Amino acid sequence: MSDVELVLRSTRVITPEGARAASVAVSGGTIVAVRPHDAPVEPGARLEDVGDHALLPGLVDTHVHVNDPGRTEWEGFWTATRAAAAGGITTLVDMPLNSLPPTTTVGHLRTKQDVARPKAHIDVGFWGGALPDNVKDLRPLHDAGVYGFKCFLSPSGVDEFPELDHDQLAASMGEIAGFGGLLIVHAEDPRELAAAPARGGPRYADYLATRPRVSEDTAIEGLIALARRIGARVHVLHLSSSDALPLIAAARREGVRLTVETCPHYLTLTAEEVPDGASEFKCCPPIREAANQDLLWQALADGTIDCVVTDHSPSTADLKTADFATAWGGISGLQLSLPAVWTAARARGHGLADVARWMSTHPARLVGLDRKGAIEAGRDADFAVLAPDETFTVDPARLQHRNRVTAYAGKTLSGVVKSTWLRGQRIVSEGEFTAPSGRLLERKN
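Since this is a predicted model, take the numbers as computed values, not measurements.

Engineer: How should the side chain of Arg443 be read in this particular structure?
Structural biologist: Structurally, the position occupied by Arg443 is in the segment after strand 18 (432–433). No salt bridge is formed by the buried Arg443; its nearest oppositely charged neighbour, Asp143, is found at 5.0 Å. At a separation of 3.1 Å, a polar atom in the side chain of Arg443 contacts the main-chain carbonyl oxygen of Val146. Contacts of Arg443, omitting those with residues within four sequence positions, involve His142, Asp143, Gly145, Val146 and Tyr147.

Engineer: Before we go on, may I ask you to explain the environment of Leu153 in this structure?
Structural biologist: By the secondary structure assignment, Leu153 is in the loop between strand 10 (149–152) and helix 4 (166–178). Overall, the relative accessible area of 11% leaves Leu153 in the buried class. With 67 residues separating them in the primary sequence, Leu153 and Ala86 have C-alpha atoms 34 Å apart.

Engineer: What's the story with the pattern of salt bridges in this structure? I'm lost.
Structural biologist: Two side chains of opposite charge can pair, provided their charged atoms sit close to one another. Enumeration over the complete set of coordinates arrives at 31 salt bridges. Glu48 is the salt-bridge partner of Arg426, the closest N and O atoms lying 3.2 Å from each other. Here Arg426 is found in strand 17 (residues 425–429), whereas its partner Glu48 is found in strand 4 (residues 46–49), with 378 residues between them in sequence. Taking relative accessible area as the criterion, Glu48 reaches 18% and is therefore assigned buried. A salt bridge links Asp306 to Arg252, with the shortest nitrogen-to-oxygen separation between them at 2.8 Å. Residue Asp306 is located in the loop between helix 10 (290–302) and strand 14 (307–308), and its partner Arg252 is located in helix 8 (residues 245–253); the two are separated by 54 residues in the primary sequence.

Engineer: What am I meant to see in the state of the cysteines here?
Structural biologist: By definition, a disulfide is the covalent link that joins the sulfur atoms of two cysteine residues. Under the counting rule described, the total for this entry stands at zero disulfides. Looking at the unpaired Cys283, the closest cysteine sulfur is the one in Cys284, lying at 6.8 Å. A relative accessible area of 3% places Cys283 in the buried class.

Engineer: Sorry if this is basic, but what is going on with the packing of aromatic side chains here?
Structural biologist: Any pair of aromatic rings gets described here by the distance separating the centres and the angle formed by the planes. Summed over the entire model, instances satisfying the criterion amount to eight aromatic pairs. With 5.9 Å between their ring centres and 55° between their planes, Tyr204 and Tyr207 make a pair best called tilted. Here Tyr204 and its partner Tyr207 are both found in helix 6 (residues 204–210), three residues apart, which amounts to about one turn of the helix. Each member of the pair, Tyr204 as well as Tyr207, is classed as buried. Pairing Trp297 with Trp358 gives two aromatic rings, centres 5.9 Å apart and planes at 70°, and the pair type is edge-to-face. With a gap of 61 residues between them, Trp297 in helix 10 and Trp358 in helix 12 (residues 352–367) connect regions that are remote in the sequence. Side by side, Trp297 and Trp358 carry an identical accessibility label, which is buried. An aromatic cluster is built from Tyr204, Tyr207 and Phe324, whose rings are joined through pairwise contacts. Looking at Arg71, its charged tip hangs above the ring of Trp74, at a distance of 5.3 Å from the centre.

Engineer: Looking at this model, I keep getting lost on the packing of helix 11 (residues 337–347) against helix 12. Mind explaining?
Structural biologist: Helix-helix packing: each pair is described by the crossing angle between the helix axes and the interaxial distance. Relative orientation of the contacting elements helix 11 and helix 12 amounts to 135°, with a least axis distance of 10 Å. Accordingly, the angle class assigned to the pair helix 11 and helix 12 is oblique. Considering how the two elements wind past one another, helix 11 and helix 12 form a crossing that is right-handed. Contacts from Ser337, Leu338, Val341, Trp342 and Ala345 of helix 11 reach helix 12 at Leu352, Val355, Trp358 and Met359.

Engineer: Where do I start with the sheet that holds strand 11 (residues 182–186) in this structure?
Structural biologist: By definition, the strands of a sheet pair up through backbone hydrogen bonds, in either a parallel or an antiparallel sense. A sheet is described by the order of its strands in space; here six strands give the open sequence 9-10-11-12-13-14, paired in parallel fashion. The sheet is open, and its two borders are formed by strand 9 (128–129) and strand 14, each paired with just one other strand.

Engineer: Any chance you could explain the pairing of strand 10 here in plain terms?
Structural biologist: Walk down a regular strand and you will see the side chains alternate between the two sheet faces. The side-chain alternation of strand 10 yields two buried faces, one formed by Phe149 and Cys151 and the other by Lys150 and Phe152. When strand 9 meets strand 10, the two strands line up parallel, connected through two bridges. Counterpart to Gly129 in the pairing with strand 10 is Lys150. One crossover worth recording links strand 9 to the parallel strand 10 by way of helix 3 (residues 135–143), and it is right-handed. Here strand 10 runs beside strand 11; their pairing, made up of four bridges, is parallel. Across the sheet, the residue bridging to Phe149 is Leu183, located in strand 11. Note on the crossover from strand 10 through helix 4 to strand 11: the handedness is right-handed.

Engineer: Quick question: what am I supposed to make of the side chain of Arg288 here?
Structural biologist: As for its placement among the helices and strands, Arg288 is situated in the loop between helix 9 (264–268) and helix 10. We classify Arg288 as buried; its relative accessible area is 4%. One polar contact links Arg288 to Ser240, side chain to side chain, over a distance of 2.9 Å. Those residues in contact with Arg288, other than ones at most four positions away along the chain, are Leu208, Arg211, Pro212, Arg213, Glu216, Ser240, Ser241, Leu269, Thr270, Ala271 and Glu272.

Engineer: What is the right way to read the nonpolar core from this model?
Structural biologist: If you look at soluble globular proteins, the nonpolar side chains tend to sit buried side by side. By size, the foremost hydrophobic cluster in this structure holds 101 residues, and its most contacted members are Phe149, Leu169, Met173, Leu183, Leu239 and Leu258. With 20 residues, the next largest nonpolar core counts Phe152, Val158, Trp328 and Val367 among its residues.

Engineer: Honestly, the pairing of strand 1 (residues 6–15) in this entry has me stumped. Any pointers?
Structural biologist: For strand 1, the tally of buried residues reaches eight of 10 residues, placing the bulk of the element in the interior. Pairing analysis gives four bridges linking strand 1 to strand 4, with the strands arranged parallel. Residue pairing for strand 4: Val7 is matched across the bridge by Leu47. Bridge count for strand 1 against strand 2 (residues 18–27) is eight bridges, and the pairing is antiparallel. Each residue of the ladder has a partner; that of Leu8, found in strand 2, is Val24. Note: strand 1 against strand 5 (residues 54–57), two bridges, orientation parallel.

The rules behind each value
Residues numbered from 1 in each chain as written. Predicted model: local features only at pLDDT ≥ 70, side-chain atom pairs only at ≥ 80, totals over all residues. Heavy atoms only, no water. Helix = DSSP H or I, 4+ residues; strand = E, 2+ residues; numbered from the N terminus. Buried < 20%, exposed > 50% of the residue type's maximum accessible area, 1.4 Å probe, protein only. Lys, Arg positive; Asp, Glu negative; His and termini not counted. Salt bridge = Lys/Arg side-chain N within 4 Å of Asp/Glu carboxyl O. Polar contact = N/O pair within 3.5 Å; in protein donor to acceptor, adjacent residues only side chain to side chain. Contact = heavy atoms within 4.5 Å. Disulfide = S-S within 2.5 Å. Phe/Tyr/Trp six-rings, centres within 6.5 Å; stacked < 30°, edge-to-face > 60°. Lys NZ or Arg CZ within 6 Å of the ring centre and 35° of its normal. Axes fitted to C-alpha atoms, helices over the stretch in contact; angles between N-to-C directions. Parallel < 35°, antiparallel > 145°, perpendicular 65-115°, else oblique. Left-handed = near helix turned anticlockwise from the far one by under 90°. Pairing = 2+ DSSP bridges. Right-handed = clockwise from strand over helix to strand, strands pointing away. Core = buried A, V, L, I, M, F, W, Y, C linked by side-chain atoms within 4.5 Å.

Here you go:
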């Protein structure tokens, strides 16, 4: 008797070689074969034929702020992972800040893991944090299984997670490079931000002026120089300035170990469309103009930008005031990231294989999740079943996020997630969820 337990069949399976009709055989939560579409199904195996719906690898989101414990009223593991599952995401890596305590010591990591374990509907890993005073904690955190270390070059927005100055950045980067770790960086230069116009109020144009592109460009230029000198592996978070792309491309040609992400909101929303007072669009760095967005898409297509992740950074609704200067900066994107990106990608001539590469394969590769990110033998049987041609209008009341504030309210998007599968088990289907079955992941030593 064959040990194949499940076969998922689709006319559009998104494999590393592209889309094709296929049957995917699963045993023990692992993909064991990708077969021809009409391959016979073993006796005793269950067949799930999704017809013409696309079968994608479960998405991997390496930039999520869950805020649990401590600011659970902003977002918690129960709601965040439900929202992720509803959007076809099967793995997330949680950022070290906005929770209390932040993930800056092994003890703090264990506290967060204890909170997450019973609530996780999908698999969850963790980033550590690099602060001015915790260089001594970086190696222990690495040994405890975090996937890398986040730092800020400008104020983070929360007092318990201060930014690094140049010398502190060099010290943390050197320590992390010494044990082969990864440093991920919020790259905005504080001097350029201080020199920008200080404007408050409801006008988005005024807010945009306070965070100019040069703040990103200068920070990235300095980061590249330091990474080149130290020989470190670094990752630029949430790139929004297209002006930095030539610097990034040149550094990579020189052999600097640099990777880059951008986010759905930079690819799908533009400064020109943001209404006055609509701080649900506020994030740092900001959503920029349409011409800037075009260049980000070009960089995705040519590989200068590696991946697309959400930077899901929610807050309670009362913190999203009509004054852009004081409103919390963050966009909630977990549930809508796949349809938002697919809607824009197909309009620009990209296919689902591109989306899977940007939102699953490359994020998994970034953090070394070799069992995630692709539909091929030996990987976890994590899938998103997508009806790519169906459309829906975003209704905030239908979101699973704890606080249903979204910049996509009222927008019509293409791509309806029909079901999501984790290690061969369907965890959400047509809005119905199973009990939490996610695992806590640790980086392999």
